[in-house]
Amino acid sequence: MTISKFLPPVTAVPLPEKERHVKSASLPFSNDARHSLLQRRSFIFETSIASSFVALFSATASTEGTAPSQNVFLSGIANTKSWFLFYGDGFAIRVPPDFQDTMEPEDFNSGLSLYGDKAKPKTYAARFASPDGSEFLSVVIRPSNQLKITFLEARDIADLGSLRDAANIFVPGGSTLYSARTIKIKEDDGYRNYYYYEFGRNEERVALVAAVNSGKAVVVGATAPQKKWEEDGVKLRSAAISLTLL
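Calculation rules
Residues numbered from 1 in each chain as written. Predicted model: local features only at pLDDT ≥ 70, side-chain atom pairs only at ≥ 80, totals over all residues. Heavy atoms only, no water. Helix = DSSP H or I, 4+ residues; strand = E, 2+ residues; numbered from the N terminus. Polar contact = N/O pair within 3.5 Å; in protein donor to acceptor, adjacent residues only side chain to side chain. Buried < 20%, exposed > 50% of the residue type's maximum accessible area, 1.4 Å probe, protein only. Contact = heavy atoms within 4.5 Å. Phe/Tyr/Trp six-rings, centres within 6.5 Å; stacked < 30°, edge-to-face > 60°. Lys NZ or Arg CZ within 6 Å of the ring centre and 35° of its normal. Pairing = 2+ DSSP bridges.

Q: For the side chain of Arg205, give the residues involved together with the corresponding values.
A: Mapped onto the fold, Arg205 is located in strand 9 (residues 204-213). A distance of 2.8 Å separates polar atoms of two side chains, one belonging to Arg205 and the other to Glu198.

In structure tokens:
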């Protein structure tokens, strides 16, 4: 995406910290056999969605082969309390220092319509870039029934399936999956599940966090070239897991 203008920062209000609990998952993932036509169609649908998410978060094409997964989630998490806190439509996220807002004014009007006209879908709910434009922090919001065929409104990401099953939605085939975790955040009425995936595609690496509330899926992707991940991976991973639904 071409960056033509940066928007000025918005004054942030401190967000109460919430208790986070992390559960590990057995890796790597494998696709379950589909025994019915509906299940096969669902699998194809979810694979297409996974590819579309990566197309939004990075510009790389698909790669072949999946390397053995590694436990990297807890290898480095930064304290983000001093970072700028961005409030979006139903979510909040911490933005790494020096990252700048790349959203254009017309981007904020996307998704709105007058006189009953069909609105243009909003590509990003938020998007920030490093000064050199090689690293991105992006937020995408989609109706949960676009991610998985269902007649019920999803209220938690677990409604889309287990951590393993939801990988078909968020992690495209051919990726190198390094880590996958369920993060539980304590709220007033219980716990909310967040799914975390870290994977590589071609020359890029992605830290992705997804959560669902009231039928809407909020997905955060922090991306950087593989060669820069050793230096900036902790920062990007920490930005991704700072996602909080409001």
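Q: Describe the environment of Glu153, listing the residues and the values that go with them.
A: Position of Glu153 among the secondary structure elements: in the loop between strand 6 (136-143) and helix 3 (163-170). Among the residues examined, Glu153 registers a relative accessible area of 47% and is labelled partly exposed. Along the sequence, Glu153 and Ser214 sit 61 residues apart, while their C-alpha atoms lie 6.8 Å from each other. Residue contacts for Glu153: discarding those within four places in its chain leaves Ser214 and Gly215.

Q: Tell me about the packing of aromatic side chains, and please be specific about residues and values.
A: Inspection of the entire model under this criterion finds 4 aromatic pairs. An angle of 80° between the planes, with centres 6.5 Å apart, marks the rings of Tyr195 and Tyr197 as edge-to-face. Tyr197 shares its class with Tyr195; the two are buried. Clustering of aromatic rings is evident, with ring pairs tying together Phe86, Phe91 and Phe128. One residue, Arg127, lies across the ring of Phe136, its end atom 4.2 Å from the ring centre.

Q: Could you give me a rundown of the pairing of strand 8 (residues 190-201), with the residues and numbers involved?
A: Across the 12 residues of strand 8, 10 count as buried, placing the element largely inside the fold. As judged from the 11 bridges shared by strand 7 (residues 176-187) and strand 8, these two strands associate in the antiparallel manner. Bridge assignment links Arg181 to a residue of strand 8, and that residue is Tyr196. Between strand 7 and strand 8, which follow one another and run antiparallel, lie 2 residues. As judged from the 7 bridges shared by strand 8 and strand 9, these two strands associate in the antiparallel manner. By the bridge assignment, Arg201 is partnered in strand 9 with Glu204.

By themselves these figures say nothing about function.
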